[in-house]
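Here are the chains, one letter per residue:
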Amino acid sequence: MKRYWKVGLLSLIAFLTIGWFYVEKAVARMKAPEYNIETLSGDDKAIEGLDLKAGIVRNDEVLSNVGISKEGSLFDHDLPYFEQREGLFNVDSSLQKLYKEHKSFLRGKTFSPNQYFENDNMYVYVDKNRQEKNKESTQLDISVLEKASGKELEYKVSLPLKDTSFFWIANVQVVGKQLAVSASSSTSNSKTEEWNIFYLDLTKQETDSNDKAALKDLGIDVPAQAAVYFSPVTNFEIKQSNDLEVLEVHITQQGEENEEGSVTEEELTQTHYIVYDYGAKAFSVLSLPKELKERGAEHLSVAEKSLYLPMLTGQQLTLYHTVSASSGWTSKTIQLPKEVTIDMKKAGYDTTIKEDKLYLISTVEDQDTDIFVAVIDLHTDKVIYTGKVNTTSEKTSKQEETALHLYDINVE
Amino acid sequence: MKNYIKLVRFEVDRFSKIYGALIGLTILLQIAAVVSAEMGYMKEANSLMLEQRYTSVQVIEHLGKISMHTVSYTTLFVFSIGIAVVSLLIYCLFIWYRDWFGKNMFIYRLLMLPLNRIQLFFAKLTTILLFVFGLVAVQLLLFPLEEFLLRKITSAPYFELVSLETLSQSHPFLSLILPHSFSGFLIAYGIGTLAVIVLFTVILFERSYRWKGIFIGAAYVLIIAAILIGPLYAPLNFLFYQEIFWLYLFLSFLIGGVSIWLSYWLLQHKVTV
């Protein structure tokens, strides 16, 4: 038996050490800090359906993701193994439901929420046809799932876009009897993007019309050598049907070749905002309030036909509001509790608007700051709820400095 | 079973001295990595304090704190893991070929033993796995010792504690040898074991048919690669992760089973001395 000591020792050390490592991990996971939202004032009914998506971060690396709601916290590793691997934690709740109830509809489709639309009757998914090699047009594959019957319908529609090298679908929604697809595209011989809203007739499987963001017609001057890029400011949701869509337009000067033959970086020369009104089927230029010209439309939210721009100054929240791009902004100030605003000013904040409620939430919980939640009723302009994200882990005794970074606010 | 355990003991004993040296080298290199990382950090910190009049707080703001995270990215540390991995890869070949080459062809005695020859195959495979897991265990045991050493030699304000769990989650090498979850560990080492099984089969092809065997082995590897890569050419996102997992699990068992059966057949009927 003595002759076996090397094999025995090697096996024992390997088994015990690796076993200890994973058992300790499992135990640590069970002891993972719990998060909840502690009510400081108001009725916690105001945060019904609020789900804060945050990452536990250390040295700029996300260790795990957590969803925090009124009910407590749910970590990404709490999901069933295959759902974790599928990346369902960060997927829109409508898509999670779709995955559970109509998984076959999702086969071959991406989890990008901007390519889906949902209403009471159906789900719609739109994607660029990746097989077609036709340079004369760009083809879209459209799948419709009827909720009542579970029937899946497939359509193909050609768009009047030639030789596209880049095509990105930003939003899909049903407008009247048409399907509206908002998309950015560019051709292979140009870096400049164009933005179109395509109106599709699915019964005829053709494009009815398209509205192009023609910057020149909007009075935006684009120099000859400049490149144009669009990015949507509006936060698109699968269930949401917005009347307005806001785009940020970046005009950049292309890099110049220097004496050494290398090309200098593109330089951003102008930033504009444009709004597309689905009712009027027209683009218009959006001028920001002069106080926000420097900061841009970072926290802009769309609620039906209204645009809201909140700005935190001191203990006050100034809420700018307009109902159309041309009608000008009105503003009102809302007083917030001091303890809430201090951390919001220090660590930054994020906002979202849902059903006439503005959710204002600070974004970092670390040694110095907490995550505060404030809910404002847009009818009465009153703060109806304030709360604070609490954790069971002790901040001061932590050797490893981890922080909780908010990256998304979802309201069901 | 008794014969199999005897064979494993035998294989472990044969490599134990080199394996011991490999562990020793890993320990030395990693301790050197800790010391050199601390020296490099303090040199930079001192130069900032002397030349730029930085306070210790400003130094930390500028350089960050030193931790095992810093150490793990040093060339010495990465080299220590690399040398262990490469040594074991070479040993996968050596474990078979040393039986053929040498003063007395040891394979002659091995093949004459009154046992099922596939036990030779499994004994060698087990030995490789034991050595791999042994080195992983050494790394796990070394980490707290290295962290202790780093803490001792670094001035307190500059030191930061980083758990192995945190490090193994983000480090490109450590996350490979110590996957974040146990399921990841099973998948990573399952793939590794399958690769060793296939490599052993290729070696036995070569030992059975010599030059011709190299081509047969190469063709066998190409077929396996085609089987494994094939599903990746399915249309984008056509399969869900769960389906991909079960498909690859099935393919892995199929490839492993076929490889073991081929190795058994080659060992029983074709391998010659």
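Residues numbered from 1 in each chain as written. Chains lettered and ligands numbered in written order. Predicted model: local features only at pLDDT ≥ 70, side-chain atom pairs only at ≥ 80, totals over all residues.

As annotated in an unreviewed UniProt entry, chain B carries the name ABC-2 family transporter protein and is attributed to Pisciglobus halotolerans.

Draft legend 1. Just the overall build of chain B, in detail. Scanning chain B for helices and strands turns up eleven helices and zero strands. Helices and strands appear in chain B in the N-to-C order α-α-α-α-α-α-α-α-α-α-α. Dimensions of chain B along its principal axes, counting C-alpha atoms only, are 75 × 55 × 35 Å. Scored against the burial criterion, the 273 residues of chain B give a buried share of 28%. (Helix = DSSP H or I, 4+ residues; strand = E, 2+ residues; numbered from the N terminus. Buried ≥ 20, exposed ≤ 12 C-beta atoms within 10 Å, placed from the backbone.)

Draft legend 2. Seen up close, the packing of helix H1 (residues 2-51) of chain B against helix H4 (residues 75-100) of chain B. Residue and element names in this part refer to chain B. Between H1 and H4, the shortest axis-to-axis distance is 8 Å and the interhelical angle comes to 165°. Relative to H4, the element H1 lies roughly antiparallel. Every pair of crossing elements has a handedness; the one defined by H1 and H4 is right-handed. Residues Glu11, Phe15, Leu22, Leu25, Thr26, Leu29, Gln30, Ala32, Ala33 and Ser36 of H1 form the contact with H4, whose participating residues are Leu76, Phe77, Phe79, Ser80, Ile83, Ala84, Ser87, Tyr91 and Ile95. Residue composition of the contact of H1 with H4, grouped by class: 13 nonpolar, five polar and one charged. (Axes fitted to C-alpha atoms, helices over the stretch in contact; angles between N-to-C directions. Parallel < 35°, antiparallel > 145°, perpendicular 65-115°, else oblique. Left-handed = near helix turned anticlockwise from the far one by under 90°. Contact = placed C-beta atoms within 7 Å. Nonpolar A, V, L, I, M, F, W, Y, C, P; charged D, E, K, R; others polar.)

Draft legend 3. Representation of the UniProt feature "transmembrane region" (unreviewed entry) in chain B within the structure. Residue and element names in this part refer to chain B. Here the UniProt-annotated "transmembrane region" (unreviewed entry) positions come out as residues 21-41, 76-97, 118-142, 182-205, 214-233 and 245-267. Secondary structure across residues 118-142 comprises 100% helix and 0% strand; the distance between its end C-alpha atoms is 36 Å. Split by type, residues 245-267 is 100% helix and 0% strand. Its first and last C-alpha atoms lie 32 Å apart. (UniProt positions renumbered as here; feature names shortened; annotations may be inferred.)

Draft legend 4. Here's a closer look at the domain arrangement of chain A. Split by domain assignment, chain A resolves into domain 1 (1-31), domain 2 (33-91 + 298-412) and domain 3 (93-236 + 244-277). The gap between the C-alpha centroids of domain 1 of chain A and domain 2 of chain A is 43 Å. (Domains from an automatic or database assignment.)

Draft legend 5. Representation of the nonpolar core within the structure. The biggest cluster of nonpolar side chains holds 84 residues, and the ones touching the most others in it are A:Val124, A:Val181, A:Val246, A:Ile361 and A:Ala374. Considering each element in turn, this core owes the most residues, five residues, to strand E24 (residues 372-377) of chain A. If you count residues domain by domain, this core takes at least three from each of domain 2 (33-91 + 298-412) and domain 3 (93-236 + 244-277) of chain A. When sequence neighbours within four positions are dropped, the list of residues in contact with A:Val246 reads A:Val233, A:Thr234, A:Tyr273, A:Val275, A:Leu286, A:Ala297, A:Leu300, A:Val302 and A:Leu307. Counting residues in each nonpolar core, the second largest holds 54 residues, with B:Ile81, B:Leu135, B:Leu150 and B:Ile203 among its members. (Core = buried A, V, L, I, M, F, W, Y, C linked by C-beta atoms within 7 Å.)

Draft legend 6. Looking closely at unusual backbone geometry. Residue and element names in this part refer to chain A. The phi dihedral of Gln205 is positive, around 55°, even though this residue is not glycine. Position of Gln205 relative to the elements: it lies in the loop between strand E11 (194-201) and strand E12 (206-212). What makes Gln205 partly exposed here is the crowd of 13 C-beta atoms within 10 Å. Even without being a glycine, Lys281 presents a positive backbone phi close to 50°.

Draft legend 7. The arrangement of the interface of chain A and chain B in detail. Facing 29 residues of chain A, the contacting portion of chain B comprises 32 residues. When residues of the side of chain A that touches chain B are traced back to their parent elements, those giving at least two are helix H1 (5-30), strand E3 (61-69) and helix H2 (81-85) of chain A. When residues of the side of chain A that touches chain B are assigned to their parent elements, the largest contribution, twelve residues, is made by H1(A).

Draft legend 8. Up close: the domain arrangement of chain B. Residues and elements named next belong to chain B. If you check the domain split of chain B, you get domain 1 (1-168) and domain 2 (179-273). Taken together, the contact between domain 1 and domain 2 spans 17 residues of the former and 13 residues of the latter. Of all elements in the fold, only H4, helix H5 (106-112) and helix H6 (118-153) reach the threshold of two or more residues within the side of domain 1 that touches domain 2. Of all the elements, H6 adds the most residues to the side of domain 1 that touches domain 2, at seven residues. Looking at the side of domain 1 that touches domain 2, its residues break down into 14 nonpolar, one polar and two charged.

Draft legend 9. Broad picture of the sheet that holds strand E1 (residues 35-42) of chain A. Residue and element names in this part refer to chain A. The sheet built from five strands is open, its strands ordered E1-E25-E24-E22-E21 with antiparallel pairing. Either end of the sheet is taken by a strand with one partner, and the two such strands are E1 and strand E21 (349-354). Ignoring which end each strand starts from, the neighbouring axes of this sheet average 20° apart. Both E1 and strand E25 (residues 382-391) contribute to a ladder of seven bridges, which runs antiparallel. Paired with Ser41 across the bridge in E25 is Thr386. In the packing of helix H4 (residues 338-347) onto the sheet, contacts are made with E21, strand E22 (357-362), E24 and E25, and the angle to E24 comes to roughly 110°. (Pairing = 2+ DSSP bridges.)

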